[in-house]
There are 2 protein chains.
Amino acid sequence: MFEGSGLAKKYKIKKCECPSGKMTRFVEPCLLFFLSQGDSYGYELMAKLDNFGFPKAKPDPAMVYRTLRYLEKEGFVVSKWDTKGTGPAKRNYGLTQKGIGLLHLWAESIEMRKQVLEKFLKQYSQQFKRIRKK
Amino acid sequence: MFEGSGLAKKYKIKKCECPSGKMTRFVEPCLLFFLSQGDSYGYELMAKLDNFGFPKAKPDPAMVYRTLRYLEKEGFVVSKWDTKGTGPAKRNYGLTQKGIGLLHLWAESIEMRKQVLEKFLKQYSQQFKRIRKK
DNA sequence: TCACGTATATGTAGAATACATATAGATGTT
DNA sequence: AACATCTATATGTATTCTACATATACGTGA
């Protein structure tokens, strides 16, 4: 992820040591959000994730399908097979009321997380502005 | 984490389904940052984390000490025992040049992640503003 | 001596993730 | 007809990460 940044080379760090480039746990709220825009199915949701998420991190089909199944097991979404149209059958998902609730919780959680990251970045840039001035 | 938010009750979601309340992987950049402010040791760093991090998530000593050992193994920090002063000996850590590099990489990474979260939140609030208007 | 705060460390079960792989319908190509 | 490719869903599993429990030991005050 940081091959192009120059920093990795400069400091002789071989590979990406920052796992936050990956979409850790982030697929769940994304799927819930996409479904809040209208019913959809795994393959299509995966394409949406690809556009939405982190630049170079491609969504893992296994993650997507398993997360959808988990969400259904817990009652956050419901699915039924869609055999209309061409190609292999699609499992079409829709949000439940409970699923909307979970999405709202995620949004709260993500807002909080964003604030923590902002706090970090603020202190970080202050710190290194100060050092450069010396 | 969301017991107090009311939403969990409203939507009948029993426990916290949003793991982003925890300081997942976030200890590493925090430790690096704290050490960039000056040498320190595990116990003290843990207290700083406690003030810095997510509201109700207390830092896990195991995470802190193990992360510090990992960082040392990889050459991002160096340590030596400090037997001066009272109480049990402290293992005092200092950042290396490589460690500063890693901190900068983390900062880049966190900036990117922040942007992704912002993108999510923006689309989310637009979506639900629109729905309420209907 | 006993509790408590300081300080570091390890063991391990369980959760989460990455990566590989399997299956199968439809379409286009040689 | 055979083959590749795109669409679509699904499972197996090794590895990594995390949470929680627990151990050790120094110093201070009751």
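Check the entry above for the structure.
Computed from a predicted structure; not experimentally measured.

A. Main features of the pattern of salt bridges. Residue and element names in this part refer to chain A. In the structure shown here, the tally under the stated rule is six salt bridges over all chains. Where E111 meets K114, a salt bridge forms, and the shortest distance between an N and an O atom there is 4.0 Å. Of the two residues, E111 and K114 both sit in helix α5 (residues 97–133), three residues apart, roughly one turn of that helix. Residues participating in the shared-partner salt-bridge network are E111, K114 and E118.

B. Spatial organisation of the side chain of S36 of chain A. Mapping S36 of chain A onto the fold places it in helix α2 (residues 27–36). Residue S36 of chain A is classed as buried on the basis of its relative accessible area of 16%. For S36 of chain A, the side chain forms a polar contact with the main-chain oxygen of F33 of chain A, separated by 2.6 Å. Beyond its immediate sequence surroundings of up to four residues, S36 of chain A is in contact with L95 and L103 of chain A together with Q127 and F128 of chain B.

C. View of helix α4 (residues 61–73) of chain B. Residues and elements named next belong to chain B. For α4, built from 13 residues, the straight-helix expectation of 18 Å at 1.5 Å per residue is met to within 8% by its first-to-last C-alpha distance of 18 Å. All of the buried residues in α4 are V64, T67, L68 and L71. Buried residues along α4 cover an arc of 100° about the axis, so they all sit on one side. Exposed residues lying more than 90 degrees from the buried face of α4 are R66 and K73. Immediately beyond the C-terminal end of α4, within one or two residues, lies G75, with a positive phi of roughly 85°.

D. View of the packing of helix α2 (residues 27–36) of chain B against helix α3 (residues 42–52) of chain B. All names here are of chain B. Between α2 and α3, the shortest axis-to-axis distance is 10 Å and the interhelical angle comes to 115°. In terms of axis orientation, α2 runs roughly perpendicular to α3. Seen from above, α2 lies across α3 with right-handed handedness. For the pair formed by α2 and α3, the contact residues are V27, C30, L31, F34 and L35 on the first element and L45, K48, L49 and F52 on the second. For the contact of α2 with α3, the class distribution of residues is eight nonpolar, no polar and one charged.

E. Spatial organisation of the pairing of strand β3 (residues 90–95) of chain B. Residue and element names in this part refer to chain B. Looking at chain direction, strand β1 (residues 40–41) and β3 are connected through two bridges and run antiparallel. Looking across to β3, one finds that S40 is bridged to Y93. As judged from the six bridges shared by strand β2 (residues 77–82) and β3, these two strands associate in the antiparallel manner. Note on β3: the bridge partner recorded for K80 is N92.

F. Expanded view of the protein's contact with DNA strand D. Around DNA strand D sit 22 residues, and of these Y43, R66, R69 and R91 of chain A together with R25 of chain B come closest. Each atom of DNA strand D within 4 Å of the protein was classed as base or backbone; sugar and phosphate made up 62%. Within the side chain of D60 of chain B, a nitrogen or oxygen atom sits 3.5 Å from a base nitrogen of DNA strand D. Mapped by element, the contributors of at least two residues to the surface near DNA strand D are α3 (42–52), α4 (61–73) and β3 (90–95) of chain A together with α4 of chain B. With four residues, the single largest contributor to the surface near DNA strand D is α4 of chain A.

Calculation criteria
Residues numbered from 1 in each chain as written. Chains lettered and ligands numbered in written order. Predicted model: local features only at pLDDT ≥ 70, side-chain atom pairs only at ≥ 80, totals over all residues. Heavy atoms only, no water. Salt bridge = Lys/Arg side-chain N within 4 Å of Asp/Glu carboxyl O. Helix = DSSP H or I, 4+ residues; strand = E, 2+ residues; numbered from the N terminus. Buried < 20%, exposed > 50% of the residue type's maximum accessible area, 1.4 Å probe, protein only. Polar contact = N/O pair within 3.5 Å; in protein donor to acceptor, adjacent residues only side chain to side chain. Contact = heavy atoms within 4.5 Å. Expected span 1.5 Å × (residues − 1). Arc of directions from axis to C-beta. Axes fitted to C-alpha atoms, helices over the stretch in contact; angles between N-to-C directions. Parallel < 35°, antiparallel > 145°, perpendicular 65-115°, else oblique. Left-handed = near helix turned anticlockwise from the far one by under 90°. Nonpolar A, V, L, I, M, F, W, Y, C, P; charged D, E, K, R; others polar. Pairing = 2+ DSSP bridges. Near = heavy atom within 4 Å.

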